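Overview (structure and organization)
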Amino acid sequence: MNRALEVLKERGFVQQCTDFEGLSRLMDEGPVTFYVGCDPTGPSLHIGHMVPFFAFRHLVQAGHHGIALLGGGTARIGDPSGKTEMRKLISYEAIDENTDRFIAQLNRFLGFDGTHARTANNKDWLANLNYIEFLRDIGRHFSVNRMLSFEAYRQRMETGLSFIEFNYQLLQSYDFLELYRRHGCRLQIGGDDQWGNIVAGIELIRRVEGAECYGLTFPLVTTSDGKKMGKTEKGALFLDPAMTTPYEMFQYFRNVSDEDVGRFLLMFTFIPTEECRRLAAGKDAELNRAKERLAWEVTALIHGKEEADKALTAAHAAFGGEGDVSQLPTVEIERSRFEEGIGVLDIFVTAGLAASRSDARRLVQQGGASINGERVMDEKAVVTLAHLQEGALMLRAGKKRVCRVVCTE
RNA sequence: GGGGAGAUUCCCGAGCGGUCAAAGGGGGCAGACUGUAAAUCUGUUGGCUUUCGCCUUCGAAGGUUCAAAUCCUUCUCUCCCCA
């Protein structure tokens, strides 16, 4: 088998492929142009989007040419795949703005140089599509009966599927065709929920151009307890540091389940396969260390080594060791308020460690609140200047959530 | 267009005139145990005060009633059947 393909397989990226042998042969012959699509429906990419882009990097490393296709056009419609509800329509302006942000984030990760890695936006060919022509040239190749048999649409038959969403598959197929025509793109990769759309695109190209293209999908990454990977209480793990701090991202990976360490190392880092296996095979403390390595690597890939180091040292500081406290989540409170005295309940709320005073009260009652490492038992306790150590103090809610409070003038 | 069913607290889902801040499950949070893991057990889970209590919530707006999530009217949305 082709080496690059084999690497993907070893690392757990492969879920389905339309024709393994054929693709392998094609890749052996020389650089293959491939693409991954993603619709800019939100203000930031999140970690779940990244699986195909990790594969993207592996492929580019092996000499193939990747296109990151931004769905500036398809985002106007909404993909029903894997969704149980209809998507809200997003304004064109928002989509364009999201697109720019996605590109910037991807550029950091992939390094677009215009040949080995480049971007495209399907808005360029979809936005001004002529409806009649599209139906004549493209629409006639699609069978409604066939489409309805696809799992993605069948599920939606229960809850309702609007006509515009139903057309998504045609547009995505058309994307593949366009990229084939413009750039000789022969392979589409993506999450397994895209399987139906990918296959449809391949068939379209075969009918219209008589050419053979390929599709490769990746498993939908879930955590060992069956949840979608990268979901936190606050939502997804975003790449935008303003939405998810590097520290939060670090902590997410630092806290993954034992069973997930191996898989995540393989998929979300570029540590050699052998080493990933070795790291994940460790027991107890060793395995625990592997999680730290995983967290650092991922954070470094997304936010850079510097941020990863900061997150690491902050984590050490937060969890009973030496480290740089200044990188922990921090809030500022004016000196005058310390002079007056701040109720514990209030300070936990302002620090964001409790949702409300009632919540803070519960926290204290259950023994989960501490200041500078001292458990707070009295909900009426008052925080004053005396609590400050070098102008700051450390609040802790439970074992994992910490916040540093800095006194300002 | 006609007929039917339904909208409950983060989610699912009971409740069908007072005893309802609303059962149960899930999830979340906290404690114990630990390895910043999992599993398990315990507690907790609208807000304000914690002593009594008060306030806001059961799709939206009105109405009936001493009293409504529970009854009536209108509206919005969803699903199902027929066209």
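This text goes with the structure placed above it.
The paragraphs below set out a description of the structure included in this document. (Residues numbered from 1 in each chain as written. Chains lettered and ligands numbered in written order. Predicted model: local features only at pLDDT ≥ 70, side-chain atom pairs only at ≥ 80, totals over all residues. Heavy atoms only, no water.)

Re the pairing of strand β14 (residues 392–397)
Stated formally: Relative accessibility under 20% of the residue-type maximum defines a buried residue, over 50% an exposed one, and the middle range a partly exposed one, all with a 1.4 Å probe and only protein chains included. Put simply, DSSP H or I for four residues or longer makes a helix, DSSP E for two residues or longer makes a strand, and each gets a number counted from the N terminus. Strands are labelled as partners when DSSP assigns at least two bridges between them.
Of all six residues making up β14, five are buried, and the element is well covered by its neighbours. The pairing of strand β11 (residues 369–371) with β14 spans three bridges and is antiparallel. Each residue of the ladder has a partner; that of Ile 371, found in β14, is Leu 395. Note: β14 against strand β15 (residues 401–408), six bridges, orientation antiparallel. Within β15, the position partnered with Ala 397 by the bridge is Arg 401. Hairpin connection from β14 to β15: three residues lie between these consecutive antiparallel strands, with Gly 398 at a positive phi of about 70°.

Some thoughts on the pattern of salt bridges
Here is the rule: Throughout this description, the term salt bridge denotes a Lys or Arg side-chain nitrogen within 4 Å of a carboxyl oxygen of Asp or Glu.
Taken as a whole and judged by the stated rule, the model has 18 salt bridges. Residue Arg 293 is joined to Glu 297 by a salt bridge in which the shortest nitrogen-to-oxygen separation is 3.0 Å. Here the residue Arg 293 and the residue Glu 297 both occupy positions in helix α15 (residues 284–303), the gap between them amounting to four residues, near one helical turn. On the accessibility criterion, Arg 293 (29% relative accessible area) is partly exposed. The class of Glu 297 is buried, set by a relative accessible area of 16%. Between Glu 307 and Lys 310 there is a salt bridge, with the nearest N and O atoms lying 3.5 Å from each other. Here the residue Glu 307 and the residue Lys 310 both occupy positions in helix α16 (residues 305–318), the gap between them amounting to three residues, near one helical turn. Taking relative accessible area as the criterion, Glu 307 reaches 27% and is therefore assigned partly exposed. Connected through salt bridges with shared partners, the residues Glu 275, Arg 278, Arg 293 and Glu 297 form a single ionic network.

Some thoughts on unusual backbone geometry
Trans is the common state for peptide bonds, and a negative phi is the common state for residues other than glycine. Not every positive phi belongs to a glycine, and Asp 284 is a case in point at roughly 40°. Mapped onto the elements, Asp 284 comes out in helix α15. Positioned with a positive phi, Asn 372 is a non-glycine residue whose angle comes to about 50°. Looking at where Asn 372 falls in the secondary structure, it is placed in the loop between β11 and β12 (374–375).

Observations regarding the protein's contact with RNA strand B
As a reminder of what qualifies: For this purpose, a residue is taken to be near a molecule or strand whenever a single non-hydrogen atom of the residue falls within 4 Å of it. A 3.5 Å cut-off defines polar contacts: any pair of N or O atoms within that distance qualifies, except that in protein one atom must be a possible hydrogen donor and the other a possible acceptor, and neighbouring residues in sequence count only when both atoms are side-chain atoms. Basically, the charged four are Asp, Glu, Lys and Arg, the nonpolar ten are Ala, Val, Leu, Ile, Met, Phe, Trp, Tyr, Cys and Pro, and anything else, Gly included, counts as polar.
In the vicinity of RNA strand B lie 34 residues, with Asn 255, Arg 357, Ser 358, Arg 361 and Lys 400 positioned nearest. When the atoms of RNA strand B within 4 Å of the protein are sorted by group, sugar and phosphate make up 65%. At 3.4 Å from a sugar or linking oxygen of RNA strand B is found a main-chain nitrogen or oxygen belonging to Val 256. Counting residues per element, the surface near RNA strand B draws most heavily on helix α19 (residues 357–365), at six residues. Of the residues in the surface near RNA strand B, the class split is five nonpolar, 13 polar and 16 charged.

Regarding the sheet that holds strand β3 (residues 65–70)
Each strand in a sheet pairs with its neighbour through backbone hydrogen bonds, running either in the same direction (parallel) or in the opposite one (antiparallel). Within the open sheet, the six strands sit side by side as β1-β6-β5-β2-β3-β4. Their pairing is mixed. Looking at the sheet topology across the chains shown, the edges are occupied by β1 (16–17) and β4 (117–121). In this sheet, β3 lies alongside strand β2 (residues 33–38) in parallel orientation, the contact comprising six bridges. Its bridge partner being in β3, Phe 34 is matched across the sheet by Gly 66.

With respect to the side chain of His 303
This is how it is decided: Two residues form a contact once any of their heavy atoms are found within 4.5 Å.
Mapping His 303 onto the fold places it in helix α15. Residue classification places His 303 among the buried residues on the basis of a relative accessible area of 10%. Leave out the neighbours within four places in its chain, and His 303 touches Arg 108, Leu 239, Pro 241, Thr 244, Pro 246 and Met 249.

Some remarks on the sheet that holds β14
Overall, mixed pairing links the five strands, which are arranged β9-β15-β14-β11-β12 in an open sheet. Looking along the sheet, the strands with just one partner apiece sit at the ends: β9 (330–334) and β12.

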